[in-house]
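Single-letter residue listing:
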Amino acid sequence: MTETTLLPPEQTARGRAILDRLRVALNELLLGQTAMLDLVVIALGARGHILLEGLPGLGKTELVKGLSRLLGLSFRRVQFTPDLLPSDVTGGLVLEEQDGRRTFTFRPGPIFANLVLADEINRASPKTQSAMLEAMQERRVTVFGDTHALPSPFFVLATQNPIELEGTYPLPEAQLDRFLFKVDVPAVGAEVMSAILRGRRHGAAPEQSQVCSAEDLASLFGLIDAVYLPDAVADYIGRLVEASHPDSARCPERARTLIRYGASPRAAITLAEAGRASALLAGRPNVDFADVEKIALAALGHRLVLQHTARIEGMAARDVVALLLEATPKVAAALPREFA
């Protein structure tokens, strides 16, 4: 049995303090969205990309712009439209003349920023959407055979409107899988709207200053990487992801009629890495089962391909994930390896 090394209490407290500063600032920016903003903070701590889905006017774009201010990161916004070309995102070669010689020089596109807002990403053509695949997975782009590294850290926060279908191109499963989380942005209640009307003329966002330095972020990422993942929780994650496959014996009978394709191994990696960030946000040096349950819908929902019968029966991804969580025991029949 290997020795377990946990983060010392002072380092755990330091990591939590950094995440808390960001969480508090975001809650001042977007009122009444605490649960959603917690997922955003966790995803950023896990260095993953986020797909924000919600109705117009809920603050999705303002959230991303605010993040760039709070983190002190370079920010670029790309408005995805049907006529947008891949080179409009990645950049391309331009002909330049210098000292009487003409040469092609690479001119970086807007994707060369720490934080990229892909606004209404599902309005761009599949060809342009595919230009994001390498950038989101490899943190680099290849143009005419030459590879160019993207800045570090690099985050893509994309938005899409769930009610508009005309003139849109649904993201393919391969690209959805690149997003660590898909987060639903819910509508707010009357109390929150009243607070906005009283305190924000024309809906203007409050003035906010940077809350995390580059050194804070680098330290935070190192602390999250050091959060311990117990074997029991790792086994639970593996069984939960396996249960999402309809041909698996672990898949509940009800879910087999609803799921066409289950989650990929990247989903298990997501649950583990985001679980570490969730644990540190809670002030713990180790991942707990509660962390997996907290992020399961955001991590798994967009990675499940459902049967058409699911829509007929009124079953959404959140309902199917709930079935998987209910049917997957936290402790396997056999003792975890760390106690065997």
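As shown above, the structure is provided for reference.
Residues numbered from 1 in each chain as written. Predicted model: local features only at pLDDT ≥ 70, side-chain atom pairs only at ≥ 80, totals over all residues. Heavy atoms only, no water.

This brings us to the overall build of the protein chain. Check the secondary structure of the protein chain and you find 14 helices and 11 strands. Summarising its shape, the C-alpha atoms of the protein chain cover approximately 75 × 50 × 50 Å along the three principal directions. Partitioning the intrachain contacts of the protein chain with sequence separation of at least 6 by distance along the chain shows that 76% fall at a separation of at least 24. When the accessible surface of the protein chain is split by element, carbon and sulfur atoms take 54% of a total near 16,800 Å². (Helix = DSSP H or I, 4+ residues; strand = E, 2+ residues; numbered from the N terminus. Contact = heavy atoms within 4.5 Å. Areas by Shrake-Rupley, 256 points an atom, 1.4 Å probe, with all protein chains shown as cover.)

A few words now on the packing of aromatic side chains. Across all of its chains, the model carries two aromatic pairs by this definition. Both rings, one in Phe106 and one in Phe112, keep their centres 5.8 Å apart while their planes meet at 65 degrees; by these two values the pair is edge-to-face. As far as the burial class goes, Phe106 and Phe112 line up, both buried. Summarising the aromatic geometry, the rings of Tyr236 and Phe289 are spaced 5.5 Å apart at their centres and angled 85 degrees between planes, so their arrangement reads as edge-to-face. In this pair, Tyr236 is assigned in helix α9 (residues 231-242) and Phe289 in helix α12 (residues 289-300), connecting sequence segments 53 residues apart. There is no split in this pair, since Tyr236 and Phe289 are both buried. (Phe/Tyr/Trp six-rings, centres within 6.5 Å; stacked < 30°, edge-to-face > 60°. Buried < 20%, exposed > 50% of the residue type's maximum accessible area, 1.4 Å probe, protein only.)

A word on a nonpolar patch on the surface. On the surface, Leu93, Leu95, Phe104 and Phe144 cluster together into a nonpolar patch covering about 490 Å² of accessible area. Along the chain, Phe144 turns up in the loop between β6 (140-143) and β7 (146-149). (Patch = residues over 30% accessible without salt bridge, like charges linked within 9 Å, V, L, I, M, F, W, Y side chains within 5 Å. Salt bridge = Lys/Arg side-chain N within 4 Å of Asp/Glu carboxyl O.)

Moving on, we get to the pairing of β7. Here β6 runs beside β7; their pairing, made up of four bridges, is antiparallel. Across the sheet, the residue bridging to Thr142 is Thr147, located in β7. What sits between β6 and β7 in their antiparallel hairpin is a turn of two residues, with Phe144 showing a positive phi close to 50 degrees. (Pairing = 2+ DSSP bridges.)

With that settled, consider the nonpolar core. A general trend in soluble globular proteins is that nonpolar side chains are found buried together. Judged by nonpolar contacts, the single largest core of 76 residues is most densely connected at Leu26, Leu63, Leu67, Phe181 and Leu271. Each residue touching Phe181, except ones within four places of it in the same chain, is listed here: Leu39, Ile42, Ala43, His49, Ile50, Leu51, Thr270, Ala274, Ile295, Ala298, Ala299 and His302. (Core = buried A, V, L, I, M, F, W, Y, C linked by side-chain atoms within 4.5 Å.)

As a further point, take the side chain of Arg239. On the secondary structure map, Arg239 appears in helix α9. The side chain of Arg239 is buried and forms no salt bridge, while Asp235, the nearest opposite charge, is found at 6.2 Å. Side-chain polar atoms of Arg239 contact the backbone oxygen of Pro329, separated by 2.5 Å. Ignoring sequence-local partners within four residues, the contact set of Arg239 consists of Arg250, Thr328, Pro329, Lys330, Val331 and Ala332. (Lys, Arg positive; Asp, Glu negative; His and termini not counted. Polar contact = N/O pair within 3.5 Å; in protein donor to acceptor, adjacent residues only side chain to side chain.)

So, on to the side chain of Asp119. Mapping Asp119 onto the fold places it in strand β5 (residues 115-119). With relative accessibility at 5%, the residue Asp119 sits in the buried group. In terms of polar contacts, Asp119 uses its side chain to reach the side chain of Arg77, at 2.6 Å. Among all residues touching Asp119, those that are not within four sequence positions of it are Thr61, Arg77, Val78, Gln79, Phe80 and Thr159.

Moving on, we get to the environment of Val321. For Val321, the location among the structural elements is in helix α14 (residues 317-327). Overall, the relative accessible area of 2% leaves Val321 in the buried class. In this structure the C-alpha to C-alpha distance between Val321 and Ile224, which are 97 residues apart in sequence, comes to 26 Å. Setting aside anything within four residues of it in sequence, one finds Val321 in contact with Ala296, Leu297, Leu300, Gly301 and Leu304.

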